[in-house]
Amino acid sequence: MSTTHDRTMTRGASAPSPRSPSAPPRAVPTLAVQAEVAHDTAVPRLPTVVVSSWKGGVWKTCLSASLAERLSFAGLDVLYLVTDDQLDARRRLGISESDPDVARVQRGSGTVTVVGLAGAHAVDVLYRGGPGRFGRFDAIVVDTPPVKKGGCLPGVLLLAPTDGDDASANLIRMLRATPANTDIVLVRIDAVPKREWAQDAAVIHDASNHTGTLSYLSDPLPRTAEVREALNRGQSVWTLARRGPTREFLQGLESLAGVAWERIRPGTTLPALAVAAASTVHIRGWDDDA
Ligand SMILES: Nc1ncnc2c1ncn2[C@@H]1O[C@H](COP(=O)(O)OP(=O)(O)O)[C@@H](O)[C@H]1O
Ligand SMILES: [Mg+2]
């Protein structure tokens, strides 16, 4: 007499196996999962100005720190996000190494808070979580290291300084990678004739294929010993006597701050800067020769 169990065993042994060991393994089909898409149209959480180039030494840190200060003098609380060597940027603002990692300086009625973050951490602050854990801000200014492609950040105001040498390949490569919703302002550092720069800017514009807004600061920014020395000792360029090439340099910065302001407080004008202490007394015919 056989049990149910025996019958099963018997039948199993005599029936042809549906999966003999020699049969090929069954392939599990791939199920689709949406790939992460690059958001070329993303918009930063706060109005953001990025100073970027593929070349070092084109005054990025100088321009970004001075711009952050200028916006602070206009009453804003500015997050100065440094994705490059933070020490350099901190020194420019007179912050010492012993000061806290997240350091804040007062300029006029506003503040500049310096935070060093790179890569995805910077993107988190700009586009995802926002800068909340560092405080409340009206705007963000970003300083980038060379070749860090700040130009690929969408939805920002991109200030692209150039000294003319890189006007060909690298600058154009950066501008080509710049999303259409980023507005670009080309800045020529180191004085050249204005007309020559206007022609260069037109060539760069054509080569960049940028479909968004591209403008250029019409007056090249001059190199001056006063500015260099002020930066070296961590003194704000806005305290310098406003005369000669230093005044021209500051006028260029003022114009850039005006473009930034238009994005931060649309429809209003950048509040005028108070007269710097160093230029409160100006004696015509004497100071002009200094
Ligand atoms: N208007 C200026 N006149 C003279 N020197 C300047 C001026 N602006 C910046 N510099 C100097 O140029 C050098 C490079 O500037 P920096 O801002 O560090 O460039 P980057 O951040 O692009 O490498 C610094 O030594 C700085 O003091
Ligand atoms: Mg720098």
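Because the structure is predicted, anything quoted here is derived from the model rather than measured. (Residues numbered from 1 in each chain as written. Chains lettered and ligands numbered in written order. Predicted model: local features only at pLDDT ≥ 70, side-chain atom pairs only at ≥ 80, totals over all residues.)

Caption draft 1: Molecular detail of the site of ligand 1. If you check the shell around ligand 1, you find 13 residues, and the closest are K60, T61, C62, V227 and R228. Looking at the shell around ligand 1, the elements with two or more residues in it are α2 (60-73) and α7 (225-232). (Near = placed C-beta within 6 Å. Helix = DSSP H or I, 4+ residues; strand = E, 2+ residues; numbered from the N terminus.)

Caption draft 2: Structural detail: the sheet that holds strand β3 (residues 103-107). Across the sheet, which stays open at both edges, the eight strands sit in the order β3-β4-β2-β5-β1-β6-β7-β8 with mixed pairing between neighbours. Each edge of the open sheet is held by one strand with a lone partner, namely β3 and β8 (214-216). Geometrically, the sheet is characterised by an average inter-axis angle of 20 degrees between neighbouring strands, direction not taken into account. As defined by bridge partners, strand β1 (residues 48-51) adjoins strand β5 (residues 139-143) across four bridges and the pair is classed as parallel. Residue V49 lies in a different strand from β5, and its bridge partner there is V141. (Pairing = 2+ DSSP bridges. Axes fitted to C-alpha atoms, helices over the stretch in contact; angles between N-to-C directions.)

Caption draft 3: Layout of the nonpolar core. Within the largest apolar cluster, 68 residues are counted, with the highest numbers of intra-cluster contacts made by L67, V78, Y80 and L159. When residues of this core are assigned to their parent elements, the largest contribution, eight residues, is made by helix α8 (residues 244-264). For L67, the contacting residues outside a window of four places in its chain are V49, V141, L253, L256, A257 and A260. (Core = buried A, V, L, I, M, F, W, Y, C linked by C-beta atoms within 7 Å. Buried ≥ 20, exposed ≤ 12 C-beta atoms within 10 Å, placed from the backbone. Contact = placed C-beta atoms within 7 Å.)

Caption draft 4: Examining the packing of α2 against α8 more closely. Put simply, α2 and α8 touch, their axes get as near as 10 Å, and they point 65 degrees apart. Both α2 and α8 take part in a crossing whose hand is right-handed. On α8, the residues touching S66, L67, R70 and L71 of α2 are L253, L256, A257 and A260. (Left-handed = near helix turned anticlockwise from the far one by under 90°.)

Caption draft 5: Local environment of the pairing of β5. Judged by how many residues are buried, β5 sits mostly within the fold: five of five residues are covered. Of the two faces of β5, the one carrying A139, V141 and D143 and the one carrying I140 and V142 are both buried. When strand β2 (residues 77-82) meets β5, the two strands line up parallel, connected through five bridges. Bridge pairing in β5 places V78 opposite A139.

Caption draft 6: Broad picture of the pairing of strand β4 (residues 110-116). In terms of burial, β4 is largely enclosed, as seven of its seven residues are buried. Because side chains alternate across β4, one face comprises the buried residues G110, V112, V114 and G116, and the other comprises T111, T113 and V115, equally buried. Inspection of the sheet shows β2 paired to β4 by six bridges, in the parallel sense. Each residue of the ladder has a partner; that of L81, found in β4, is V115. Note that β3 and β4 share five bridges and pair antiparallel. Bridged to V105 within β4 is V112. Between β3 and β4, which pair antiparallel in sequence order, lie two residues; one of them, G108, sits at a positive phi of approximately 65 degrees.

Caption draft 7: Structural view of the environment of V115. Checked against the element boundaries, V115 lands in strand β4. Using a count of 22 C-beta atoms within 10 Å as the deciding quantity, one classes V115 as buried. Here the alpha-carbon distance between V115 and D101, two residues 14 residues apart in the chain, equals 7.1 Å. Not counting chain neighbours up to four residues away, the residues in contact with V115 comprise L79, L81, V82, V102 and F134.

Caption draft 8: Molecular detail of the packing of helix α5 (residues 169-176) against helix α6 (residues 194-208). At their nearest, the axes of α5 and α6 sit 9 Å apart, and the two run at 50 degrees to each other. It follows from the interaxial angle that α5 and α6 lie oblique. Of the two elements, α5 crosses α6, and the hand of that crossing is right-handed. For the pair α5 and α6, the contacting residues are L171, I172, L175 and R176 in the first and I204, A207 and S208 in the second. Its residues placed into classes, the contact of α5 with α6 shows five nonpolar, one polar and one charged. (Parallel < 35°, antiparallel > 145°, perpendicular 65-115°, else oblique. Nonpolar A, V, L, I, M, F, W, Y, C, P; charged D, E, K, R; others polar.)

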